[in-house]
Every structure is written in structure tokens, then in C-alpha cells.
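What follows is each chain in one-letter form.
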Amino acid sequence: MTQRAKIDTDSGDTRGTPVETEPPVVHRPAGLTSAEVAERVARGEVNDVPVRSSRSTADIVRANVFTRFNAIIGVLWVIMLIVAPIQDSLFGFVIVANTGIGIIQELRAKKTLDGLAVIGEAKPTVRRDGRAAGISTSEIVLGDLIELGPGDKVVVDGVVAEADSMEIDESLLTGEADPVVKRPGDPVMSGSFVVAGGGAFTATKVGREAYAAQLAEEASRFTLVHSELRSGISTILKYVTWMMVPTAIGLIISQLVVKDNDLKNSIARTVGGIVPMIPEGLVLLTSVAFAIGVIRLGRKQCLVQELPAIEGLARVDVVCLDKTGTLTEGGMDVTEVRVLNGSDEGYVRKVLGALGESDPRPNASLQAIIDACPDTEEWRCTESLPFSSARKYSGAAFSEGDGEESTWLLGAPDVLLPHGDPNLAEIDHLNEEGLRVLLLARTVHELDSPDVAKDARPTALVVLEQRLRPDAADTLAYFADQNVAAKVISGDNAVSVGAVAGKLGLPGADHTVDARTLPADREEMARVLDENAVFGRVTPQQKRDMVAALQSHGHTVAMTGDGVNDVLALKDADIGVSMGSGSEATRAVAQIVLLNNSFATLPSVVAEGRRVIGNITRVATLFLTKTVYSVLLAILVVVSQIEYPFLPRHLTLLSTLTIGVPAFFLALAPNKERAKPHFVRRVMRYAIPGGVVAAAATFTTYLLARHHYTGADALGAETSAATLTLFLVSMWVLAIIARPYTWWRIALVATMGGAFLLVLAVPWLQDFFALKLVGTTMPWAAVAVAAAGAAVLELAWRWVDRRFPA
């Protein structure tokens, strides 16, 4: 078939304006020359805005080092280094180590993300010196001629130079849902994308002048915002600060002014009361858990473009799947060309071959037809109508070489044929077998006519077999097992989609819904969506409406897709997941990109999110229990006008054994429980009773010890007894948090208990940590008080579970 040149018509029909073409081939702009590109680079007219997949190294260091609590602890650490032995300054070294770990893990995550971003980066096709080639977005210069096709994103601002029935969706910029037909001279804005046809545009704004500069940075930034977990922790820290400031002031006055003690000892005990109020490791562990999640997913070729997506997918209870490219592999095979109305099969194959050649960027269905029906040289395309998801058909007009002219449509049979057509029964039978069927029909209307499909004469059925992804069934089974509802939403025939879903074992696949029958009312649509699982003949706008309807019923919705028709729904979903081989537009708006194009990676992402959220909720309870009992102990000491019982070394030891080390292991453990909302409430409902019981038990033991011991060394004995009670109650909190038990969790709790016994048993450790139990009466009394506290704690948490269910 001869090469065609395409010239825009003046039609303003947004259905997709056909384009008349006739030889000879018109001039095709060659783009910039290498010399012109070099000149522009020298002048700095380059699209030099980096597509950032992660925070810079400086940002990571700054975020981990310069925190409010690090500043407080840093001041206290300097004070302790001056007035007290090194044992009482251990908390400062712990903070330094924690900060270092946080920085290292985030830098590892940055390296992983940056590497994946390079793999997943879109490479626009730019025409230079008459040749088209894909280049990095950052290499585009002012005046470059950039080619566009279906699914391509406009990466810089420009003016259309060539248009081949090009329709651009600008909804991400303007909110206008209908695609806009673009002709030479029309402006195009970065952030829009092509839904049908193709063409080329000249870059008029690059770098930070282009809207793409903001869009790319926002879409691909390694960010910790818009996260319930992060905002919840920030809320907790805000309240902690409010509690800590007046309590710390009262403690300072109490220990330095009211009590006439040794100044250095008073300062040490004051600092010992302030330091444990700060849940410094909570922020660190959250950062580390997220960073390790990114690294783990990176190993599975999963690019997390927005970090909270790991958390968001853990909360998902509905996942919407596009059939093509998700449940099925991208490629298809023509299994049969079934002629209708006595048509000649050889002639039909010529038509199909010519239709295949008429589209410069064929989709998967048309590519299968091209492979099965080679083009013939005699036929010449005079007009073309590109395929669009909204129309669900494409078309072309031909001069057949013998003087005959004909106009053909290829697309969805139930769209092109009137309701009740006898051919639909045969098509339904094929669809029930999971086959995809396209109708080839001859039309007597012009392609630019709004009635182009009216009275079209059915000529042949093209039967396509879709290749099921071998891992799709297991993935759907995983979602069913995890109580995540899967909804298959496809533009294909509903019966065919249902047959494919049925082969993969999706519950509800036997009852499919044609989206053309869906109610327009959001509430009614949500009800139908809740009751059914498979939907066919869904338009791009309907996909968006369906996501909104599900969200209106309180669902957290994930949307997967790879085609340009999925972009709007991907953007509106709580979590958008794109295939790496998907269109540039889908990759730009998705929070997660599966670079290996494997739907089977999704369970790993869900599991990683659940691990992060569930485990951070666990360890947050440990940290905040410590904050609550520290504040209460300080208040009790201030009110009682007595010495604060602990030195910093005591609480450093307790924090390390009952919180720091266990929390690190618990935060990285497997956890399959679906994330639940109300993070702050769920954490505080355990931390408050835990902290109250720990403070009450510890202060009780301290008061008993003050009455029991007398003499010069009484304070040391009183402190040791109080430390024993606080350790045992804190260990019981850890034992509850560690449930359900596995061998390693039991070993973890036992090891922490054994480490404390080692400190009590080894003389030099006793001296180092100033812990020495005196006599037998008070130590056993401390154990008894701790046991009573543990019993109260157990009852309190069970009551909380019943009274304030999560």
C-alpha cells in the first residue's frame, strides 16, 4: 500500500475528525538540525527540570537531623556530658545512631527509586535532522518537533505542527472531560495527553517555564505527605509537646529549687525525667519502615512514585482492574475471520490488511489483524478515523486500485449493530467462550458524519483470542483471601469480559453488567457496583464515575490500567497502579508503576503496605506508653515534692530493652492484617491505659521503697526497686504488643528479659547502670506490684477492646 499524507479538514466534530489524504506526499518537517540543537543547549534553552523520583541527599539529611526533638535532646545531651558520668549520656549516642540509621536507609531508598525512575522514564519521540528518535525529557530543547500518538503525554508546552485526527484530553488541566480536536497552530499544554490520532508539535516553552516542570515534580516526588500515618504521628507529637513543656518546667523547678540536693545530681535526675517523654524513635522507625518498603518493592521492579501509596494500598478494600493488559497479556491472536452475508474471505482479508496499514500506531487488536492479514499495495487510504475508547470503533476510506471506493468501520459489534440484529446472538456465543470479537462493516456514510455507523452492512467477524496472564488467577485469589473486592471494569463486551474473569475464578463472573445500562445517579451506581464484579462496555468517563461512586460508599479504591482510557480513573482513585509498558499518560498519573508489567506484583505491594501500617501501629503503642508514664511520673514527683527516682542511664536501659530493640524487629516483621483507619485513636486507646498503669505501679513501688530504706544510700536502693517494677510492667506491655506469638517473638521478649537479668547479676554492669537490689523484701514487693500492674493492664486492654473497638 502506498504511503499516505494526511491533511486536516475543517470539521469541528469532537468525535474524531477524519482526515482526507491524497498523493503526492506533502512536506514533512525535518525538525531541528544538530547544529540548531547545539546552539539552543549553549543558550540554556533546554528542558533541564529533572524528573525527581526522590528527595535530594541534603533534604534527607536535613529531615533526619534537624528535628524538634533532636534539638531538645541535643541540648540535654550537652548538659549531661558536662555534669554527669558518661553512663547518663548514653541516650545521646542512641539518638546519633538512630539518626544515622534513618539517613542510611532513606539514601538506600533514594538510590533504588532513582534507578527505577530511569528505567520507567518516558522517552518522547523527537524529530531531528529528519529522523525520529526517543530521547530523555530533559534533553528536549526549545523549538524541538515532538511526535505524538495515542497515550502519549505532552511533556512541554507547544504549538501543533502536524495533526492526524489528533484528539487531546486536557481534563487533568481544565477539568473538561471531552477530548479536544487539535489542528496545526493550536496550542498544547504539558500535562494533557493524546486519546486518539496523532501528530507533532513544536516546543515553545521548556524547563521551568513549562507547566510540565511543576507537573513532573509533583507526580514523581518522593513524598511523605497526604499520609494518615504521618499526619497521625504529627498530631501525637503536637500533643506530646504540649504535655511535655509544662511538665518539664515543673520538674526542673521541683528538682532544682524545692529540693535542696546536690546540684549535679538534681540536674541529672531532671534530665532523666524529661528525656523519656520524647518518643524520638517513633518518627525514625516510621521513616525506616517506609524506606525499607521502597527497597523491597524496588527489588520486585515496582516503582513507588509517591511514598504514601504503600500505605494507601494497604487500606484498599476494592481494586478495579482493566481486563486488557492486566488480566490478559498485551498481545492477541486472530483465531478466525468469519465472513457474513456471503462476503468473499479473500476480499475481506484485503480490507482488514488495508485497515491495519491505515493506522500508524495500531493497538493490540489491530496489531493482531496486521499480523494475520498483510497489506496489499493496490489499496490507498483516502480518509481515516482513528480508534478511540469513547467511540469503540475506527474507520477508513479506500481507493481500491480498480477504481472502486469503499468506506469501512472496525470495532465493537454491539456498538455498530442495532439492538436485535441476528448476528449478535452468534457474537454472544463467541463472547461466552472468552473470545474477543470485532465487527468489520461497510458504511455508506462519510467518516465525518455523526451517523457514520448507521445502517452499516456487517461483512465479517474478526475473532481474537486473548492470552491470559498465568499469574492472574493466583492474584485474584489473593485479593479474595484478603477481603479485597475485585471489580473488572473493561471497555470490551461484558459477556466476553465475564468469560475471561470466570476462567480466572473471579467470584461473580457469571453475572456481568453492561455499563450502558448503569444508572447515572451516583448512589444507584454505587449499589450496582457493590452487588456485581464484572462490567463491560465501560467508557473512560464511566470508569471515573464508577471510582467516585465506590468512594462515596466509603471504599478505598485502587485502580489498575495501562491504556489512555484509564488515565482519568487512575487519577481519581485513591491509588493508581500503572503497568510499565502502559501509555506515558498512565505512568505519569499513577502512584505505583509495575515496571515488570506483572499484575502478580500487586499482592507484594499490598503486603508491604500492611506490614508497614500494622507494625508502626504496634510500635507506636510502645513509644507512647513510655511518653504517658514519663509525663505522669514527673507530675507525681512534682506534686509529692520528692526526688525524681531515675537517672538517664536507667531509662536508657529500659527504653533500649523494652522499646528500642523490640520495636525495630516488630516494625520489620510480616503483617497481613488490613490497615484500619483512625491511627491516633487506635494507638492512644492502648497507650493511655498502659502508661497510667506503668506510672501508678512504679510510683507505688517508689513510695514503698522510700519508707523501707533509710541511710545514705537509700535513694540508690529506691531507684533500683522502682526500676525493677517499671521494667516488668513495660515487659508486659511488650508481651501484649508482640501477640500473636511466634517462635521469634517469644525469643525476642525472652532475650530482652534475659538482658535485664544480666545487668542485675553482673557486678560491673550493676555499677555502670547504678542498679543494685538491696535485701529481699523490697525487690519481691516490687515484683508483686509489677504483677498486680500486669493483671490490671491485661484487664484494662481487654475492656478497651470491648468498649472502644477499632
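Residues numbered from 1 in each chain as written. Predicted model: local features only at pLDDT ≥ 70, side-chain atom pairs only at ≥ 80, totals over all residues. Heavy atoms only, no water.

Caption draft 1: View of the overall build of the protein chain. Across its full length, the protein chain holds 27 helices and 22 strands. Counting across all 806 residues of the protein chain, residues that qualify as buried make up 58%. Taking as baseline every contact in the protein chain between residues at least 6 positions apart, the subset at least 24 positions apart corresponds to 73%. Taken as a whole, the protein chain presents about 32,200 Å² of accessible surface, with 58% of it coming from carbon and sulfur. (Helix = DSSP H or I, 4+ residues; strand = E, 2+ residues; numbered from the N terminus. Buried < 20%, exposed > 50% of the residue type's maximum accessible area, 1.4 Å probe, protein only. Contact = heavy atoms within 4.5 Å. Areas by Shrake-Rupley, 256 points an atom, 1.4 Å probe, with all protein chains shown as cover.)

Caption draft 2: Expanded view of the confidence of the model for the protein chain. Within the protein chain, residue pLDDT values average 81, and 89% of them lie at 70 or more. Residue range residues 1–26 is modelled with pLDDT below 50. Its contacts to residues more than four positions away, or to other chains, number 87 contacts. In this model, residues 215–225 is a region of pLDDT below 50 whose contacts with residues beyond four sequence positions or in other chains number 34 contacts. (pLDDT = per-residue confidence, 0-100.)

Caption draft 3: Local environment of unusual backbone geometry. The residue after Arg739, namely Pro740, is reached through a cis peptide bond having omega -5 degrees. Looking at the element boundaries, Pro740 is found in the loop between α24 (714–737) and α25 (743–761). With a phi angle near 60 degrees, Asp455 is a residue other than glycine that sits in the positive phi range. Mapped onto the secondary structure, Asp455 falls in the loop between β15 (436–442) and β16 (457–468). Despite not being glycine, Asn483 has its phi angle at roughly 60 degrees, a positive value.

Caption draft 4: Spatial organisation of the packing of helix α9 (residues 280–299) against helix α21 (residues 602–640). Where α9 meets α21, the closest approach of the two axes is 10 Å, and the angle between their N-to-C directions is 170 degrees. On the basis of their axis angle, the class for α9 and α21 is roughly antiparallel. On α21, the residues touching Glu280, Gly281, Leu282, Leu285, Thr286, Ala289, Phe290, Ile292, Gly293, Arg296 and Leu297 of α9 are Ser604, Val605, Glu608, Arg611, Val612, Ile616, Val619, Ala620, Phe623 and Lys626. Tallied by class, residues from the contact of α9 with α21 come to 12 nonpolar, 4 polar and 5 charged. (Axes fitted to C-alpha atoms, helices over the stretch in contact; angles between N-to-C directions. Parallel < 35°, antiparallel > 145°, perpendicular 65-115°, else oblique. Nonpolar A, V, L, I, M, F, W, Y, C, P; charged D, E, K, R; others polar.)

Caption draft 5: The pairing of strand β4 (residues 145–148), seen in detail. Residue alternation in β4 divides its side chains into two sets, Leu145 and Glu147 and Ile146 and Leu148, and both sets are buried. Two elements, strand β2 (residues 125–128) and β4, share 3 bridges in a ladder whose sense is antiparallel. Its bridge partner lying in β4, Arg127 is registered against Leu145. Two strands pair when backbone bridges link them, and β4 and strand β8 (residues 193–205) are joined in this way by 4 bridges, in the antiparallel orientation. Counted as the bridge partner of Leu145 is Thr202 from β8. (Pairing = 2+ DSSP bridges.)

Caption draft 6: Structural detail: helix α17 (residues 522–531). Those residues of α17 that fall on the buried side of the exposure criterion are Met525, Ala526, Val528 and Leu529. Buried positions in α17, seen along its axis, are confined to an arc of 165 degrees and lie on one side of it. Taken together, the buried residues of α17 touch β17 (485–489), β19 (534–536) and α18 (540–552). You can read the cap of α17 off the contacts: a side-chain oxygen lies 3.2 Å from the backbone nitrogen of Glu523, and it is on Asp521. (Arc of directions from axis to C-beta. Polar contact = N/O pair within 3.5 Å; in protein donor to acceptor, adjacent residues only side chain to side chain.)

Caption draft 7: Fine view of the packing of helix α22 (residues 648–667) against α24. Look at α22 against α24: their axes get within 9 Å of each other, and the N-to-C directions meet at 10 degrees. Overall, the two elements α22 and α24 adopt an arrangement that is roughly parallel. Contacts from His650, Leu651, Leu654, Leu657, Thr658, Pro662 and Leu666 of α22 reach α24 at Thr719, Thr723, Leu726, Phe727, Ser730, Met731, Leu734 and Ile737. Taken together, the residues of the contact of α22 with α24 break down into 10 nonpolar, 5 polar and no charged.

Caption draft 8: View of the nonpolar core. Counting residues in each nonpolar core, the largest one holds 129 residues, and the members touching the most others are Leu313, Leu506, Ile592, Phe599 and Phe756. Element by element, the count of residues in this core is highest for α21, at 16 residues. In this view, Leu506 contacts Leu476, Ala486, Val488, Ala501, Ala533 and Val534; residues no more than four positions away in its chain are not counted. Ile489, Met525, Ala549 and Ala573 belong to the second largest nonpolar core, which has 27 residues in total. (Core = buried A, V, L, I, M, F, W, Y, C linked by side-chain atoms within 4.5 Å.)

Caption draft 9: Quick peek at the packing of aromatic side chains. Across all of its chains, the model carries 11 aromatic pairs by this definition. Aromatic side chains Tyr239 and Trp242 sit 5.4 Å apart centroid to centroid with 75 degrees between the ring planes, which places their arrangement in the edge-to-face category. Taken together, the residues Tyr239 and Trp242, both in helix α7 (residues 228–258) and 3 residues apart, mark about one turn of the helix. On the accessibility criterion, Tyr239 (43% relative accessible area) is partly exposed. Assessed through its relative accessible area of 55%, Trp242 is described here as exposed. Geometrically, the ring pair formed by Tyr644 and Phe646 is edge-to-face, given 6.0 Å between the ring centres and 75 degrees between the ring planes. Exposure remark for Tyr644: the relative accessible area of 1% places this residue in the buried category. The class of Phe646 is buried, set by a relative accessible area of 0%. Taken together through their ring pairs, the aromatic side chains of Tyr347, Trp379, Phe398 and Trp408 make up a single cluster. Between Lys238 and the ring centre of Tyr239, over which it is positioned, the NZ or CZ distance is 5.5 Å. (Phe/Tyr/Trp six-rings, centres within 6.5 Å; stacked < 30°, edge-to-face > 60°. Lys NZ or Arg CZ within 6 Å of the ring centre and 35° of its normal.)

Caption draft 10: Region of interest: the sheet that holds strand β22 (residues 592–594). Overall, mixed pairing links the 8 strands, which are arranged β9-β22-β21-β20-β10-β17-β19-β18 in an open sheet. Looking at the sheet topology across the chains shown, the edges are occupied by β9 (302–304) and β18 (512–514). Neighbouring strand axes in the sheet, compared pairwise and without regard to direction, differ in orientation by 20 degrees on average. Taken together, the 3 bridges between strand β10 (residues 318–321) and strand β20 (residues 557–561) define a ladder with parallel strand orientation. Its bridge partner being in β20, Val319 is matched across the sheet by Ala558. Where α18 meets the sheet, its contacts fall on β10, β17, β19 and β20, and the angle it forms with β20 comes to roughly 160 degrees.

Caption draft 11: Representation of the side chain of Asp322 within the structure. Among the secondary structure elements, Asp322 is positioned in the loop between β10 and β11 (328–339). For Asp322, a relative accessible area of 5% gives the class buried. For Asp322, the contacting residues outside a window of four places in its chain are Leu327, Ile489, Ser490, Lys543, Thr560, Gly561, Asp562 and Asp566.

Caption draft 12: The arrangement of the pattern of salt bridges in detail. In total, this model carries 23 salt bridges according to the counting rule given. Salt-bridge contacts for Glu147 lead to Arg127; the nearest nitrogen and oxygen are separated by 2.9 Å. In this pair, Glu147 is assigned in strand β4 and Arg127 in strand β2, connecting sequence segments 20 residues apart. Each member of the pair, Glu147 as well as Arg127, is classed as buried. Across the salt bridge formed by Asp514 and Arg516, the nearest N and O atoms sit 2.8 Å from each other. (Salt bridge = Lys/Arg side-chain N within 4 Å of Asp/Glu carboxyl O.)

Caption draft 13: The environment of Glu228, seen in detail. Assignment of secondary structure puts Glu228 in helix α7. What makes Glu228 partly exposed here is its relative accessible area of 28%. Along the primary structure Glu228 and Ile613 are separated by 385 residues, whereas in three dimensions their C-alpha atoms are 9.8 Å apart.

Caption draft 14: Broad picture of the environment of Val452. Position of Val452 among the secondary structure elements: in the loop between β15 and β16. For Val452, a relative accessible area of 0% gives the class buried. Sequence separation between Val452 and Leu416 is 36 residues, and the spatial gap between their C-alpha atoms is 9.5 Å.

Caption draft 15: Here's a closer look at the pairing of strand β3 (residues 131–134). As defined by bridge partners, β2 adjoins β3 across 4 bridges and the pair is classed as antiparallel. Bridge pairing in β3 links Arg128 to Arg131. The antiparallel hairpin formed by β2 and β3 contains 2 residues in its connecting segment, where Asp129 sits at a positive phi of about 55 degrees.

Caption draft 16: Spotlight on the side chain of Thr247. One can find Thr247 in helix α7. Ignoring any residue separated from it by four or fewer positions in sequence, one finds Thr247 in contact with Met277, Val631, Ala634 and Ile635.

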